[in-house]
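# Inside the fold
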Amino acid sequence: MSTIEWTDSTWNPVTGCTRASSGCDNCYAVTMSWRLGNMGQPKYEGLTVLYDKGKRHFNGVVRCHPDTLAIPRRWRKSRWIFVNSMSDLLHRDVPVEFIQQVFAVMNECPQHRFQILTKRPERALELATKLH
């Protein structure tokens, strides 16, 4: 379950990111990735960098986690699921084939409502014809 008030669960088949705009200045995922990486969770290790003035940002490393694709299939009860609370599914370094696999899982789980937030709407438009 999630402590985010507008969702029930999070599902993170991708971790890591690249700063997209000033909207990334206070990114929750950067802080959490840094914290989880320092706690020894390999999925989040080495994803952030500390810049001058003490600002932490993602360092551009993006990892796909195929082993997490089955997670929503195991949840029988209907949920609102935040997809990639710790990354951006539409990051340029996430292969189209992997994004297609994520969408396939969402299509296989009609009991759930999936929420995808992105700072890359141009990639959403570019991929729209490839994700059906």
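All of these numbers come straight from a predicted model, not from anything done at the bench. (Residues numbered from 1 in each chain as written. Predicted model: local features only at pLDDT ≥ 70, side-chain atom pairs only at ≥ 80, totals over all residues. Heavy atoms only, no water.)

## Notes on the nonpolar core
Just so we agree on the cut-off: Among the buried residues, those of types Ala, Val, Leu, Ile, Met, Phe, Trp, Tyr and Cys that are joined through side-chain atoms within 4.5 Å form a nonpolar core. For every residue, the accessible area (1.4 Å probe, protein chains only) is compared with the maximum for its type, and the residue is labelled buried under 20%, exposed over 50%, or partly exposed between those bounds. Numbered from the N terminus, helices here are DSSP runs of H or I no shorter than four residues, and strands are runs of E no shorter than two. Contacts are residue-level and defined by heavy atoms, with any inter-residue pair within 4.5 Å sufficient.
Formed by 19 residues in total, the largest nonpolar core has its most connected members in Trp11, Val83, Val102 and Phe114. For this core, the secondary structure elements donating two or more residues are β6 (80–83) and α3 (96–108). Excluding residues that lie within four positions of it along the chain, Phe114 makes contacts with Trp11, Pro72, Ile81, Val83, Met106 and Cys109. Listed in part, the nine residues of the second largest apolar core include Cys17, Ala29, Phe58 and Met86.

## Remarks on the environment of Met86
Mapped onto the elements of the fold, Met86 is located in the loop between β6 and α3. Met86 gets classed as buried once you look at its relative accessible area, which sits at 4%. Measuring from C-alpha to C-alpha, the distance between Met86 and Thr129 comes to 25 Å, with 43 residues separating the pair along the chain. Ignoring sequence-local partners within four residues, the contact set of Met86 consists of Asn12, Val14, Thr15, Gly16, Tyr28, Ala29, Met32, Ser33, Leu36, Tyr44 and Phe58.

## Thoughts on unusual backbone geometry
Its identity as a non-glycine residue notwithstanding, Asn84 has a phi of 65°, on the positive side. Assignment of secondary structure puts Asn84 in the loop between β6 and α3. A relative accessible area of 2% places Asn84 in the buried class.

## Comments concerning the side chain of Asn12
For Asn12, the location among the structural elements is in the loop between β1 (9–11) and β2 (14–15). A relative accessible area of 9% means that Asn12 is categorised as buried. If we skip the residues at most four places from it in the chain, Asn12 touches Lys43, Tyr44, His65, Thr68, Asn84, Ser85 and Met86.

## Side note on α3
We apply this condition: Here the expected span of a helix is defined as 1.5 Å times the quantity of residues minus one.
With 13 residues, α3 should reach 18 Å at 1.5 Å per residue; the first-to-last C-alpha distance of 18 Å fits that figure. Taken residue by residue, α3 has Val96, Phe98, Ile99, Val102, Val105 and Met106 as its buried positions.

## Some points on the pairing of β6
We apply this condition: Note on pairing: two strands pair once DSSP finds at least 2 bridges between them. For crossovers, right-handed means that the path from the first strand over the helix to the second runs clockwise, given strands pointing away from the viewer.
Here β1 pairs with β6 via three bridges, running parallel. By the bridge assignment, Thr10 is partnered in β6 with Phe82. When β6 meets strand β7 (residues 113–116), the two strands line up parallel, connected through four bridges. Pairing of Ile81 across the sheet is with Phe114, part of β7. For the crossover that starts at β6, traverses α3 and ends in the parallel β7, the hand is right-handed.

Such coordinate-based values are descriptive only and should not be taken to indicate function.
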